Amino acid sequence: MSEIEKQNKEMEQVFGEHIHWGYWENPNSANGSIEDFQNASKALSKKLLALANIVDGQAVLEVGCGFGGTISLINEEFHDLKIVGVNIDQRQIDRAKQKVFQKNGNDISFIQGDACKLPFNDNSFDIVLAVECIFHFPDRNHFFSEAYRVLKGGGQLVLSDFVLSFDFPNLFNMSLKKSGIPFYGNIQLCTCEAYESFAKENYFEIEEIEDINESTLPTYPIVKKVFSKSKMGYLLTQVAEWTQKSKMIRYKNLAFKKI
Ligand SMILES: C[S@@+](CC[C@H](N)C(=O)[O-])C[C@H]1O[C@@H](n2cnc3c(N)ncnc32)[C@H](O)[C@@H]1O
């Protein structure tokens, strides 16, 4: 196997199902293996799903669904759901369709679309999920208003994000933009205070903000390993690690309820 084939295989094992950080209940238990990381990335989805209070028979929308890793877990655990995955990238949608097979009476579909222009009628879903992707969306406030529109009354919006701890989000985002470096694709970060405003402006109440920063840190050794042959990928991962370890940015799970 050539070096490139080896790297591709490793990337597939690490991010081929879930494209997000891992969660370790006990970060000291992480052993740096790919299998351990795969379990941890499932655990991160499960941690978010625990906030979502899904009940059999409901309608669940996952925005920015990637390859359908979280939908696959929902499909295993619940019955008679209508589950829709939306992603901006048609290639990811095609792959999700190939990888996820509906079971337990669930009705699953994957649709190409933009988080800020959701192709659904008002009041269609009980839960909207967005796992580690909101920082790519063109406008968080707009996404909140779209989530509000498609949710039924009392429905939940549950998401995870890298949240800025300090009060100068624009300074951070401007420096990122000025550097011209595509940081894992284009991203915009915001503070918890900004989330409070998005919630208020769009008639959501905040149900829970869970700080799981320390429990995601064992992600870094494995991602650095995957990017060991890409100077830029490795460097960006080191910067991200520093921001999370210095607590400048903290990994949080957030749950909102449509009032
Ligand atoms: C870090 S990945 C997370 C994927 C998935 N949620 C997971 O946890 O495996 C971010 C995802 O957001 C998607 N994305 C970016 N911009 C989007 C947008 N405007 N609307 C919908 N999806 C978007 C990307 O294509 C990518 O799949």
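So, here's what we can say about the structure. Along each chain, residues carry numbers from 1 onward, in the same order as the chain's sequence is written. This being a predicted model, a pLDDT of at least 70 is required before a residue's local features are given, and a value of 80 or more before pairs of side-chain atoms are given or counted; all residues contribute to the totals for chains, interfaces and linings. By convention in this description, side-chain values take in all heavy atoms of the structure and omit both hydrogens and water.

### Regarding the pairing of strand β1 (residues 59-63)
Spelled out, the test is: Relative accessibility thresholds used throughout: buried, under 20% of the residue-type maximum; exposed, over 50%; partly exposed, between the two (1.4 Å probe, protein chains only). For helices the rule is a DSSP run of H or I covering at least 4 residues; for strands it is a run of E covering at least 2, with both sets numbered from the N terminus onward. What makes two strands pair is DSSP finding at least two bridges between them. Look down the strands so they point away from you; if going from the first strand over the helix to the second traces a clockwise path, that crossover is right-handed.
Of all the five residues making up β1, five are buried; the element is thus mostly covered by neighbouring parts of the structure. Of the two faces of β1, the one lined by Ala-59, Leu-61 and Val-63 and the one lined by Val-60 and Glu-62 are each fully buried. Inspection of the sheet shows β1 paired to strand β2 (residues 82-87) by five bridges, in the parallel sense. The residue bridging Leu-61 from the neighbouring strand is Val-84, located in β2. Tracing the backbone out of β1, into helix α3 (residues 69-77) and back to the parallel element β2 gives a crossover that is right-handed. Here three bridges tie β1 to strand β4 (residues 125-130), and the two strands are oriented parallel to one another.

### Digging into helix α9 (residues 219-226)
Threshold: Whether two residues touch is decided by their heavy atoms; if any such pair falls within 4.5 Å, the residues are in contact.
The buried count for α9 comes to six of eight residues, which makes it a mostly enclosed element. Thr-219, Tyr-220, Ile-222, Val-223, Lys-224 and Val-226 are the residues of α9 that are buried. Lining the buried residues of α9 we find α1 (3-15), α2 (34-52), α8 (213-216) and α10 (231-245).

### Describing the state of the cysteines
What counts, and what does not: When the sulfur atoms of two cysteines come within 2.5 Å, that pair is taken as a disulfide.
Scanning the model with the defined rule gives zero disulfides in all. Just so you know, Cys-65 is unpaired, no disulfide at all, and the nearest cysteine sulfur is the one on Cys-133, 8.7 Å from it. Here Cys-65 falls in the buried class, since its relative accessible area comes to 5%.

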